[in-house]
Amino acid sequence: MNKAFISTDKAPAAIGTYSQAVKVGTAVYLSGQIPLVPETMEVISEDFAQQTHQVFKNIAAVCEEAGGQIQDLVKVNIYLTDLSNFAIVNEVMSQYFKKPYPARAAIGVRALPKNVQVEIDGIMELPSTN
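Residues numbered from 1 in each chain as written. Predicted model: local features only at pLDDT ≥ 70, side-chain atom pairs only at ≥ 80, totals over all residues. Heavy atoms only, no water.

For the chain, the name recorded in an unreviewed UniProt entry is Enamine/imine deaminase, with Pseudoalteromonas nigrifaciens as its organism. On record in UniProt, under Sequence similarities (unreviewed entry), the comment for the chain is "Belongs to the RutC family." (UniProt positions renumbered as here; feature names shortened; annotations may be inferred.)

Here you go:
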C-alpha cells in the first residue's frame with residue numbers, strides 16, 4: 001500500500017499522534033479539524049459561526065495540500081457539542097460547497113478538544129488525471 005502523509009502550515013499542526021491527512025491512491029482521509037488559527041494555534045472565537053468558518057478554512061487548506069479542493073470531499077463528519085447549532089452549520093457549509101454536496105453525518109458529542117463547539121473530518125476523492 002502506497003501511503004502519503006499530508007501536512008501543511010496553512011492548517012493547525014497536529015496536537016496529538018495523528019497526521020493532518022493520509023493519502024492512499026486517490027482517496028484522502030482527513031483528520032478532524034477544530035477552529036484553531038494555524039498561525040497562533042488558538043481558538044478563533046467563542047462565536048459558533050466563526051468557529052465553523054475556521055474549521056472549513058482548515059479543511060480546505062488540507063484538501064489543497066493533498067492536491068484537491070474542498071469540493072472533492074465525498075464524506076464529511078461534523079461533531080457538535082450543541083445540536084441546536086445545526087442550522088448554522090448548514091448556512092456556513094453552503095458557503096464552501098456547491099451541489100452535489102458530499103455525504104454527511106452530524107453527531108452530537110459531549111465535549112471536543114480545547115472546549116471548541118465543532119470539529120469536522122472527511123474523506124476526499126481526488127479527481128482523475130486521465
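(A) Looking closely at the environment of Phe-97. Tracing the backbone through its elements, the reader meets Phe-97 in the loop between α2 (86-93) and β7 (103-108). As a C-alpha pair, Phe-97 and Leu-73 span 24 residues in sequence and 9.3 Å in three-dimensional space. Those residues in contact with Phe-97 that lie beyond four places of it in its chain are Phe-56, Ile-70, Gln-71, Leu-73, Val-76 and Pro-102. (Helix = DSSP H or I, 4+ residues; strand = E, 2+ residues; numbered from the N terminus. Contact = heavy atoms within 4.5 Å.)

(B) Quick peek at the pairing of strand β8 (residues 118-125). Counting buried positions over the eight residues of β8 gives six, a clear majority of the element. Taken together, the five bridges between strand β3 (residues 27-33) and β8 define a ladder with antiparallel strand orientation. Bridge pairing in β8 links Gln-33 to Ile-120. The pairing of strand β6 (residues 73-80) with β8 spans seven bridges and is antiparallel. Across the sheet, the residue bridging to Lys-75 is Ile-123, located in β8. (Buried < 20%, exposed > 50% of the residue type's maximum accessible area, 1.4 Å probe, protein only. Pairing = 2+ DSSP bridges.)

(C) Looking closely at the sheet that holds strand β2 (residues 21-24). One open sheet holds the six strands; their spatial order is β1-β2-β3-β8-β6-β7, and the pairing between them is mixed. Sheet topology places β1 (3-6) and β7 at the edges, where each strand pairs with a single neighbour. Each neighbouring strand pair of the sheet contributes to a mean axis angle of 15°, computed without reference to strand direction. Summarising the sheet, β2 and β3 pair through four bridges and their orientation is antiparallel. Residue pairing for β3: Lys-23 is matched across the bridge by Val-28. The sheet contacts of α2 involve β6 and β7, and relative to β7 the element is tilted by about 150°. (Axes fitted to C-alpha atoms, helices over the stretch in contact; angles between N-to-C directions.)

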